[in-house]
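Structural overview
Listed below, chain by chain, are the residues.
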Amino acid sequence: MRNRGFASGIGLVAGLLAVLAALLSPEAACAAGAAGEGVPHLDGAKLGLIWDLPFVGILLSIALFPLLAPLFWHHHFGKISAFWALAFLIPFTLTFGWQLALFELLHVALLEYIPFIVLLLSLFTVAGGVRLTGSLRGTPAVNTGILLLGTVLASWMGTTGAAMLLIRPVLNANSWRERKTHVVVFFIFLVANIGGSLTPLGDPPLFLGFLKGVDFFWPTTHMLLPMIVVAVPLLGIFYLLDSYLYRKEPEEARAANEAGGTNGEQPTKLGLEGGINILLLGGVVGAVLLSGIWKPGISFEIYHVHVELQNNTREILLLGIAGLSLLLTSNVSRELNGLSWFPILEVAKLFAGIFITIIPAIAMLRAGTNGALAEIVRSVTKAEGEPINYMYFWATGILSSFLDNAPTYLVFFNTAGGQPAVEKLMSEWSATLLAISAGAVFMGAMTYIGNAPNFMVRSIAEERGVKMPSFFGFMGWSIVFLVPLFVVITFIFFI
């Protein structure tokens, strides 16, 4: 009976969306382009804003359900994600035809979602096999040191790899503390986002830029100073805040921690279990890098979607590396490390809905000044065609906070000239490319969904008993601590 009600709800929403779409976008039938003749094409210029409703719905669900109905959300978030995905797909299919719907679904699955989730799964599996043993005290100095280490590592092993490698040690070190939410929040800011600024391996937007022709070390030379301007004050603020909250912990607990280790036990020497996974992390980096360098010119077509051989090879290598990690790492070590598969399952289910419902929003942005989001595109360019760098920074950043930051980066990269103008973007218009890169990477830290590791870190922390802020609560933290630094960045680099 409950399943019948759920299906009825989907049908009702789908029907309403189809009717509203037809009313608000009378030229909708043209949006499919030549769907029946050759390659289907979604013309974002012909879409009305109503098509963004399922995307807004899934965002509000992620924001409100954990706050208003946490138990229901915990057990049914996958169904809610599927509900919003179908609320888009059913009316889209009825309006534009199954050919375009199938093409868009396969396109987002084969070229975006599957590569995304395979990379996350491999990094999650491999990093989860590394276990730091011994006593690690959850003091302000130790916590700041871990955040600094993660910020440095993130550019070279990816924000996901660095976050999965260090989140459990930092949680273990602070397990005795009553006040530790701030530790995870700043961990998300620094390790899961800002730290991935310096190479294409650090964050997916920069990797897309690399694939489009941006030099591998361009982010290293151009993003270093902006990253320092943001990361160093954040580390300093964290140390002061952590010191203040540390002093509020019960005196006996502090004394036990300082005399012993994580929970006041006799101090033991630090060690590392599962060291083979460090080598496997290098293999993950190598597989990703290979797909950007090796261009055999071979591709496979699945209903008009071209899947290139190097990308197939990358996915196979990544899954093989994850399998090796499971084979070569003791299950006992993973259990002692507190490894649970729930975080990756949560990300997989929720981001499946996000990737599907985001299709019309990205199409509207790609339509430029002809689309329903034309004002966003116009806001980044002067009348004479010159880029407005500070607007590129904020437009890319704000959209990266709520959309996936990789396609958002690509939209504004193309708006600024794209692949044909990449040499100009790296030289004459380097401030514009810097604005796009910094906006996508830095402001991915503004919400839980701005960058995939954010969600995974939050999920792991909650599983370990840390009371994390709600969706809007986390935004409150980011507005207080990140936005002032972004304003500083704007005046230093983009005005």
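Residues numbered from 1 in each chain as written. Predicted model: local features only at pLDDT ≥ 70, side-chain atom pairs only at ≥ 80, totals over all residues. Heavy atoms only, no water.

Looking only at helices and strands, the protein chain has 22 helices and four strands in total. The contacts of the protein chain with a sequence gap of at least 6 include a subset with a gap of at least 24, amounting to 79%. About 20300 Å² of surface is accessible on the protein chain, with carbon and sulfur atoms providing 67% of the total. (Helix = DSSP H or I, 4+ residues; strand = E, 2+ residues; numbered from the N terminus. Contact = heavy atoms within 4.5 Å. Areas by Shrake-Rupley, 256 points an atom, 1.4 Å probe, with all protein chains shown as cover.)

Closest axis-to-axis distance for the helix H6 (residues 181–190)/helix H20 (residues 452–463) pair is 10 Å, and the angle between their directions is 160 degrees. On the basis of their axis angle, the class for H6 and H20 is roughly antiparallel. Handedness of the crossing formed by H6 with H20: right-handed. Two secondary-structure elements touch here, H6 through Val184, Phe187 and Ile188 and H20 through Asn454, Val457 and Ala461. Among the residues making up the contact of H6 with H20, the classes are represented as five nonpolar, one polar and no charged. (Axes fitted to C-alpha atoms, helices over the stretch in contact; angles between N-to-C directions. Parallel < 35°, antiparallel > 145°, perpendicular 65-115°, else oblique. Left-handed = near helix turned anticlockwise from the far one by under 90°. Nonpolar A, V, L, I, M, F, W, Y, C, P; charged D, E, K, R; others polar.)

Turning our eyes to something else, we now look at the packing of helix H13 (residues 342–357) against H20. Relative orientation of the contacting elements H13 and H20 amounts to 140 degrees, with a least axis distance of 9 Å. As the angle between them shows, H13 and H20 are arranged oblique. Of the two possible hands of crossing, H13 and H20 adopt the one that is right-handed. Seen from H13, the contacting residues are Phe342, Pro343, Ile344, Glu346, Val347, Leu350 and Phe351; seen from H20, they are Ala452, Phe455, Met456, Arg458, Ser459, Ile460 and Glu463. Here the residues of the contact of H13 with H20 sort into ten nonpolar, one polar and three charged.

Residues Val305 and Val307 point to one face of strand E4 (residues 305–308) and are all buried, whereas His306 and Glu308, pointing to the other face, are not buried. Strand direction decides the pairing type here: strand E3 (residues 299–302) and E4, joined by four bridges, are antiparallel. Looking at E4, one finds that Ile302 is bridged to Val305. Counted along the chain from E3 to the antiparallel partner E4, the turn is two residues long, and its residue Tyr303 has a positive phi close to 45 degrees. (Buried < 20%, exposed > 50% of the residue type's maximum accessible area, 1.4 Å probe, protein only. Pairing = 2+ DSSP bridges.)

The next subject is a nonpolar patch on the surface. The grouping of Leu53, Val56, Leu60, Leu64, Leu67, Leu68 and Phe472 at the surface amounts to a nonpolar patch, some 630 Å² of accessible area in total. For the nonpolar patch, the element with the highest residue contribution is helix H2 (residues 53–68), accounting for six residues. (Patch = residues over 30% accessible without salt bridge, like charges linked within 9 Å, V, L, I, M, F, W, Y side chains within 5 Å. Salt bridge = Lys/Arg side-chain N within 4 Å of Asp/Glu carboxyl O.)

All chains considered together, the criterion is met by eight salt bridges. Measuring nitrogen to oxygen at the nearest pair gives 3.3 Å for the salt bridge that ties Glu346 to Arg458. Note that Glu346 is positioned in helix H13 and Arg458 in helix H20, a separation of 112 residues in sequence. For the residue pair Glu346 and Arg458, the accessibility class agrees, reading buried in each case. Across the pair Glu375 and Arg378 runs a salt bridge, and its minimum N-O distance is 2.7 Å. You can see Glu375 and its partner Arg378 sitting in helix H15 (residues 374–378), three residues apart, about one turn around the helix. Assessed through its relative accessible area of 57%, Glu375 is described here as exposed. Given a relative accessible area of 40%, Arg378 falls into the partly exposed group.

The subject of this paragraph is the side chain of Ser400. Here Ser400 shows up in helix H16 (residues 389–402). By relative accessible area, which is 0% here, Ser400 ends up buried. In contact with Ser400, other than residues within four places in its own chain, are Asn405, Thr408, Gly439, Ala440, Met443, Gly444 and Gly450.

Examined against the element boundaries, Phe186 turns out to sit in helix H6. On the basis of relative accessibility, which here comes to 0%, the residue Phe186 falls in the buried class. Aside from chain neighbours lying at most four places away, what touches Phe186 is Leu147, Leu234, Ile237, Phe238, Leu241, Trp477 and Phe481.

Right, let's talk about the nonpolar core for a bit. Judged by nonpolar contacts, the single largest core of 140 residues is most densely connected at Phe116, Phe187, Phe189, Leu234, Phe351 and Phe442. With near-sequence residues (within four places) excluded, Phe116 lies in contact with Val347, Phe351, Phe355 and Ala452. Counting residues in hydrophobic clusters, the runner-up holds six residues, among them Phe207, Phe210, Phe216 and Val285. (Core = buried A, V, L, I, M, F, W, Y, C linked by side-chain atoms within 4.5 Å.)

This part is about the packing of aromatic side chains. Counted under the stated rule, the structure contains 37 aromatic pairs. Judged by centre distance (5.7 Å) and plane angle (55 degrees), the rings of Phe124 and Trp341 are tilted. Placement of the pair is Phe124 in helix H4 (residues 98–127) and Trp341 in the loop between helix H12 (331–336) and H13, with a sequence separation of 217 residues. On the basis of relative accessibility, which here comes to 37%, the residue Trp341 falls in the partly exposed class. By way of ring pairs, the aromatic residues Tyr113, Phe116, Phe186, Phe189, Phe238, Phe351, Phe355, Tyr448, Phe455, Phe474, Trp477 and Phe481 are connected into one cluster. In this structure, Lys424 is placed above the aromatic ring of Trp429, and the distance from its NZ or CZ to the ring centre is 4.2 Å. The ring of Tyr448 carries the charged tip of Arg458 above its face, separated from the ring centre by 5.1 Å. (Phe/Tyr/Trp six-rings, centres within 6.5 Å; stacked < 30°, edge-to-face > 60°. Lys NZ or Arg CZ within 6 Å of the ring centre and 35° of its normal.)

Among the structural elements, Leu399 can be located in helix H16. In this structure, the C-alpha to C-alpha distance between Leu399 and Met443, residues 44 residues apart in sequence, is 8.7 Å.

Let us now look at the environment of Ser122. Among the secondary structure elements, Ser122 is positioned in helix H4. Sequence-wise, Ser122 and Ile321 are 199 residues apart; in three dimensions their C-alpha atoms are separated by 6.9 Å. In this structure Ser122 touches Val284, Leu318 and Ala322, once residues within four positions along its chain are discounted.

Right, let's get into unusual backbone geometry. One non-glycine residue, Tyr303, lies in the positive phi region at around 45 degrees. Assignment of secondary structure puts Tyr303 in the loop between E3 and E4. Of note, the phi angle at His304 is positive, near 75 degrees, even though the residue is not glycine. Tracing the backbone shows His304 in the loop between E3 and E4. Given a relative accessible area of 24%, His304 falls into the partly exposed group.

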